[in-house]
Amino acid sequence: MRTANELVMENIVRDSTLSRTTVYDRVTWLERVFLTIKIPAWSKNLTKRVTKHPKIYVTDSGLAASLLNVSPSRLTDPAYSPSGMLLESFVANEILRHLSWAQSRARVYHYRDSTGPEVDLVLEGSDGKIVAIEVKKTQSISTRDFRWLKLMRDRLGDDFVQGILIYLGRDTLPLSDRLTAIPLSTLWTPNIHE
């Protein structure tokens, strides 16, 4: 299962028993029937080492969990790494749904530098302003969880509007200048749009 990962077609072809043409056709078909979505890589010349591969997400995190044969109790196990992919997939799909009816328009990207820095979702408005989102499968956070959001904020300056860390805790926690942690439940709280 490659949800919430970069889509490197050569890796899929290498790992598959199918022909190259069949793999490409099936990946295209999955997107056409809305079972997967691709989010392109973002770059604003922060570094020349930025990766160019899109990220792929299964559009239904319940289906993704089923394909991984993950039980609900396994999802709550902090040591079980696929639950992080499933959580990020859920959040990405929720953000895309919100943007489909929001008054403000934004394009959605992901950012990954080949040396390590990675931001799960980058929302770029038509004015070039950026909101960056990280998803963490944790109930408590540390300043280290914000390191890539801080890096992006510091490199982009005034174009960086907000860095948001979505986590499994209960409290909204402002960290510092334009960096905030919000609970996952905020995505469906009625007053989020007020």
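Computed from a prediction, not measured in an experiment: that's the story for all the values here. Here the residue numbers are simple positions, counted from 1 along each chain's written sequence. Residue-level local features of this predicted model are given only where pLDDT is at least 70; pairs of side-chain atoms are given and counted only at 80 or more, and the full residue set underlies all totals for whole chains, interfaces and linings. Side-chain calculation: all heavy atoms of the structure are included, whereas hydrogens and water are not.

Q: Looking at this structure, I do not really get the pattern of salt bridges. What am I missing?
A: When the charged atoms of two side chains with opposite charge come close together, those side chains can pair. Salt bridges are counted wherever a side-chain nitrogen of Lys or Arg sits within 4 Å of a carboxyl oxygen of Asp or Glu. Applying the stated criterion to the full structure yields 13 salt bridges. Across the salt bridge formed by Lys 38 and Glu 31, the nearest N and O atoms sit 3.4 Å from each other. Across the pair Asp 120 and Lys 55 runs a salt bridge whose closest N-O atoms are separated by 3.6 Å. In this pair, Asp 120 sits in strand 5 (residues 118–125) while Lys 55 sits in strand 3 (residues 55–58), placing the two residues 65 residues apart along the sequence. Exposure remark for Lys 55: the relative accessible area of 2% places this residue in the buried category. Helix numbers and strand numbers start at the N terminus; a helix is a DSSP run of H or I with at least 4 residues, a strand a run of E with at least 2. Working definition: with a 1.4 Å probe on protein chains only, accessible area under 20% of the residue-type maximum means buried, over 50% means exposed, and in between means partly exposed.

Q: How should I be thinking about the environment of Phe 146 in this particular structure?
A: With respect to the helices, strands and loops of the structure, Phe 146 is situated in the loop between strand 6 (130–135) and helix 6 (147–156). Separated by 118 residues in the primary sequence, Phe 146 and Thr 28 place their C-alpha atoms 34 Å from one another. Among all residues touching Phe 146, those that are not within four sequence positions of it are Ile 141, Leu 165, Leu 175, Leu 179, Thr 180 and Ala 181. Here, residues are in contact when the closest pair of their heavy atoms is within 4.5 Å.

Q: I'm lost on the pairing of strand 3 in this one. Help?
A: For a regular strand, the rule is simple: side chains alternate between the two faces of the sheet. With burial as the criterion, each face of strand 3 is covered, one bearing Lys 55 and Tyr 57 and the other bearing Ile 56 and Val 58. Here, any two strands with at least 2 DSSP bridges between them count as paired. Pairing analysis gives two bridges linking strand 1 (residues 5–6) to strand 3, with the strands arranged antiparallel. Counterpart to Asn 5 in the pairing with strand 3 is Ile 56.

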